[in-house]
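Residue-level structure breakdown
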Amino acid sequence: MLLSDFMEQRLESTGISLEEFRALLIRLVNYGVLERGESQTEQELYDRFVRVEELVGETLALYGIVVHHDRRFEYARLYPPGSRTPGMEQAEDEAFGGSLRARLTQNEVAVILVLRAQYDKAVREAKIDENGFATESLEAIALAMKNWLNRGLPEKATERRKVFQRLRQLRLIDYHSDEELETTEAWLRIHPMIVDFVSTDAIDAASGAADAGGVSDAADAATAQSRSQDVS
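Residues numbered from 1 in each chain as written. Predicted model: local features only at pLDDT ≥ 70, side-chain atom pairs only at ≥ 80, totals over all residues. Heavy atoms only, no water.

Helix and strand content of the protein chain: ten helices and six strands. Taking all 232 residues of the protein chain together, the buried fraction comes to 46%. Put simply, of all contacts in the protein chain between residues at least 6 apart along the chain, 61% involve residues at least 24 apart. (Helix = DSSP H or I, 4+ residues; strand = E, 2+ residues; numbered from the N terminus. Buried < 20%, exposed > 50% of the residue type's maximum accessible area, 1.4 Å probe, protein only. Contact = heavy atoms within 4.5 Å.)

Here it is as structure tokens:
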């Protein structure tokens, strides 16, 4: 029996065609994440994913890719071989150098660390909305970076915009428009998946380096931790 015939048999009870299943896999692998609230397209794909989650997991597992599905906040994220995934104590020993494991710049790592810290603070202060998002001003994020990492946001507007566009692509934040980022009056929504994306180990590593006065060391330590788990 051909694999395609076998897959069609598995899909028959779901009402999803092989072409639709293939399109779902392509989207997942290309983007690394599906968030139901992101757009109409992702809502449709996420709902399709829920119907065939088991088969998606089995198919991607052939390549050592793990699917993490958060049903509460309605998103699914792929973790490549060798990464740390939520609920797993240690990463497997395989290495992976493909598109799922993107390398983050120091600026991106620094902002992500602060976003995680600010999200944790919002949780402690019960400032999370019904969808799990925390809302934070760009000014507060810049101040937290200065106080914690002794590091500012990129001075050039184009570089600053590039960092936040990347983090929005990773579905870690959301904001209205790129133009807003040119002023400190902009507001960002931090997605709850930031907790899965940034490990406690990365926060601890950065805190220890920052406390010792090593600003670049803090980013380097966090970068090393993020490379064991970042996936998009």
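Now that the structure has been shown, we can carry on.
Right, let's get into the pairing of strand β2 (residues 66–70). Every other side chain in a regular strand lies on the same face of the sheet, so the side chains alternate between the two faces. Bridge count between β2 and strand β3 (residues 75–79): five bridges; the pairing is antiparallel. If you follow V67 over to β3, its bridge partner there is L78. (Pairing = 2+ DSSP bridges.)

Attention now moves to the pairing of β3. Across the five residues that make up β3, a large majority, five, are buried. Neither face of β3 is exposed, since Y75, R77 and Y79 on one face and A76 and L78 on the opposite face are all buried. With three bridges connecting them, strand β1 (residues 33–35) and β3 associate as antiparallel partners. Looking across to β3, one finds that V33 is bridged to R77. Between β2 and the antiparallel strand that follows it, β3, lie four residues; E74 among them carries a positive phi value of about 55 degrees.

What follows covers unusual backbone geometry. Positive phi, close to 55 degrees, is recorded for E74, a residue that is not glycine. Relative to the helices and strands, E74 is located in the loop between β2 and β3. Residue classification places E74 among the partly exposed positions, given a relative accessible area of 34%. A positive phi angle is found at R171, which is not glycine, with a value near 65 degrees. For R171, the location among the structural elements is in the loop between α7 (157–169) and β5 (173–174). R171 gets classed as buried once you look at its relative accessible area, which sits at 7%.

What follows is about the nonpolar core. In terms of nonpolar packing, the biggest core is built from 37 residues, with V111, I112, L115, F164, L167, I194 and V198 touching the most fellow members. Within the residue set of this core, elements represented by two or more residues are α5 (106–124), α6 (138–149), α7, β6 (187–190), α8 (194–197) and α9 (200–211). Here this core takes nine residues from α5, the largest share from any one element. For L115, the contacting residues outside a window of four places in its chain are I141, L167, I173, I190 and I194. Formed by 19 residues, the second largest nonpolar core is a distinct cluster that contains F21, V56, L60 and A76. (Core = buried A, V, L, I, M, F, W, Y, C linked by side-chain atoms within 4.5 Å.)

So, about α7. Since the α-helix advances by 3.6 residues per turn, residues separated by three or four positions end up pointing in the same direction. The end-to-end C-alpha distance of α7 is 18 Å, a good match for the 18 Å that 13 residues give at a rise of 1.5 Å each. Considering only its buried residues, α7 is in contact with α5, α6, β5 and β6. Once α7 ends, the next one or two residues include R171, with phi positive near 65 degrees. (Expected span 1.5 Å × (residues − 1).)

Attention shifts here to the environment of D47. The residue D47 is located in helix α3 (residues 40–51) in this model. Linking D47 and R36, residues eleven residues apart in sequence, is a C-alpha distance of 7.7 Å. A polar atom in the side chain of D47 sits 2.7 Å from the side chain of R36. (Polar contact = N/O pair within 3.5 Å; in protein donor to acceptor, adjacent residues only side chain to side chain.)

The next point concerns the sheet that holds β3. Taken together, the three strands give an open sheet; going across it, the order is β1-β3-β2, and neighbouring strands pair in antiparallel fashion. Strands at the two margins of the open sheet, each flanked by one partner only, are β1 and β2. Strand-to-strand twist of the sheet, defined as the mean angle between neighbouring strand axes without regard to direction, takes the value 15 degrees. Strands β1, β2 and β3 of the sheet are contacted by α3, whose axis makes an angle of about 105 degrees with β1. (Axes fitted to C-alpha atoms, helices over the stretch in contact; angles between N-to-C directions.)

This brings us to the packing of aromatic side chains. Evaluation of the coordinates by the stated rule reveals one aromatic pair. The residue whose ring lies beneath R27 is Y31, and the NZ or CZ to ring-centre distance is 4.1 Å. Stacked on the ring of Y175, the Lys or Arg R168 has its end atom at 4.0 Å from the ring centre. (Phe/Tyr/Trp six-rings, centres within 6.5 Å; stacked < 30°, edge-to-face > 60°. Lys NZ or Arg CZ within 6 Å of the ring centre and 35° of its normal.)

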